[in-house]
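Inside the fold
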Amino acid sequence: MSNITFTMIKPDATGKGFTGAIIDRIIKAGFVIKALKWTKLSAEKAGEFYAIHKERPFYGELVEFMSSGTIVAAILEKDNAVADFRKLIGATNPAHADAGTIRKDFAASVGENAVHGSDSDENAIIEGNFLFSSLERF
Ligand code: CMP
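These remarks concern the structure in this document. Since this is a predicted model, take the numbers as computed values, not measurements.

Points about the overall build of the protein chain
From N to C terminus, the protein chain includes 7 helices and 4 strands. Beginning at the N terminus, the succession of helices and strands in the protein chain can be written as β-α-α-β-α-α-β-α-α-β-α. The C-alpha atoms of the protein chain give 14 Å as radius of gyration, which agrees with the globular expectation for 138 residues (14 Å, within 12%). Along the first, second and third principal axes, the C-alpha atoms of the protein chain reach 35 × 35 × 25 Å. Sorting the 138 residues of the protein chain into buried and exposed places 46% on the buried side. When contacts within the protein chain are restricted to residue pairs at least 6 apart in sequence, those whose partners lie at least 24 apart make up 75%. Of the roughly 7,100 Å² of accessible surface on the protein chain, a fraction of 55% belongs to carbon and sulfur atoms.

Structural data, given as structure tokens:
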């Protein structure tokens, strides 16, 4: 089990001014920030990041949304990071997310769901490497 996960605070949440509150929740839940970046994905980069969903009907919408505004990307460290982070953010669809989770409190819909969290140790490494160089993580 790896102790690393990767997250992006998505354009809906950065645009509504939720970035600070979400980072505060992440830190208070015991995650240590190993890398952090405020940036904007091009449609090309967003498409590459979500290439695994290329055949899904929502792919175009997802790429358009993820490149529509700023994001905050981070690599996070904690024991059991991937599973614990997914618990902290709640279900992909905020309508199904548990009370007290980040998506329940900050997300509007399954498409605009405030945060991304890696779904496996392997993808956490791939996704972290996609957004961060070795000079940007500590
Ligand atoms: P995320 O955890 O970033 O990984 C893939 C994303 O696809 C997911 O969050 C959702 O934001 C998005 N997604 C999943 N299902 C749908 C859907 N039915 N319609 C639009 N977007 C979706």
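Points about unusual backbone geometry
Notably, Asn80 is not glycine yet its phi reads approximately 55°, a positive angle. Looking at where Asn80 falls in the secondary structure, it is placed in the loop between β3 (70–77) and α5 (81–89). Of note, Ala114 is a non-glycine position whose phi angle comes to about 70°, a positive value. Structurally, Ala114 is set in the loop between α6 (102–106) and β4 (115–117). Accessibility expressed as a relative area gives 0% for Ala114, which makes it buried.

Considerations on the side chain of Asn113
In this fold, Asn113 is placed in the loop between α6 and β4. Among the residues examined, Asn113 registers a relative accessible area of 2% and is labelled buried. For Asn113, the side chain forms a polar contact with the side chain of Lys10, separated by 2.7 Å. If sequence neighbours within four positions are ignored, Asn113 has contacts with Lys10, Asp12, Thr92, Pro94, Arg103 and Ala107.

Points about the packing of aromatic side chains
Within this structure, the stated rule accounts for 5 aromatic pairs. Arranged with centres 5.8 Å apart and planes meeting at 40°, the rings of Phe6 and Phe49 form a pair that is tilted. You can see Phe6 sitting in strand β1 (residues 4–9) and its partner Phe49 sitting in helix α3 (residues 43–49), a full 43 residues away along the chain. Just as Phe6 is buried, Phe49 falls in that class too.

Quick notes on the pattern of salt bridges
Counted by the stated rule, this structure contains 6 salt bridges. When the shortest N-O distance is used, the salt bridge between Asp84 and Lys78 registers 2.6 Å. Using a relative accessible area of 18% as the deciding quantity, one classes Asp84 as buried. Note on Lys78: relative accessible area 22%, which makes it partly exposed.

Structural notes on the environment of Val110
Of note, Val110 is situated in the loop between α6 and β4. When its relative accessible area of 49% is taken as the criterion, Val110 is described as partly exposed. Discounting residues that sit within four places of it in the chain, Val110 has contacts with Thr92, Asn93 and Pro94.

Cut-offs and rules
- Residues numbered from 1 in each chain as written.
- Predicted model: local features only at pLDDT ≥ 70, side-chain atom pairs only at ≥ 80, totals over all residues.
- Heavy atoms only, no water.
- Helix = DSSP H or I, 4+ residues; strand = E, 2+ residues; numbered from the N terminus.
- Rg over C-alpha atoms; globule rule 2.2 N^0.38 Å.
- Buried < 20%, exposed > 50% of the residue type's maximum accessible area, 1.4 Å probe, protein only.
- Contact = heavy atoms within 4.5 Å.
- Areas by Shrake-Rupley, 256 points an atom, 1.4 Å probe, with all protein chains shown as cover.
- Polar contact = N/O pair within 3.5 Å; in protein donor to acceptor, adjacent residues only side chain to side chain.
- Phe/Tyr/Trp six-rings, centres within 6.5 Å; stacked < 30°, edge-to-face > 60°.
- Salt bridge = Lys/Arg side-chain N within 4 Å of Asp/Glu carboxyl O.

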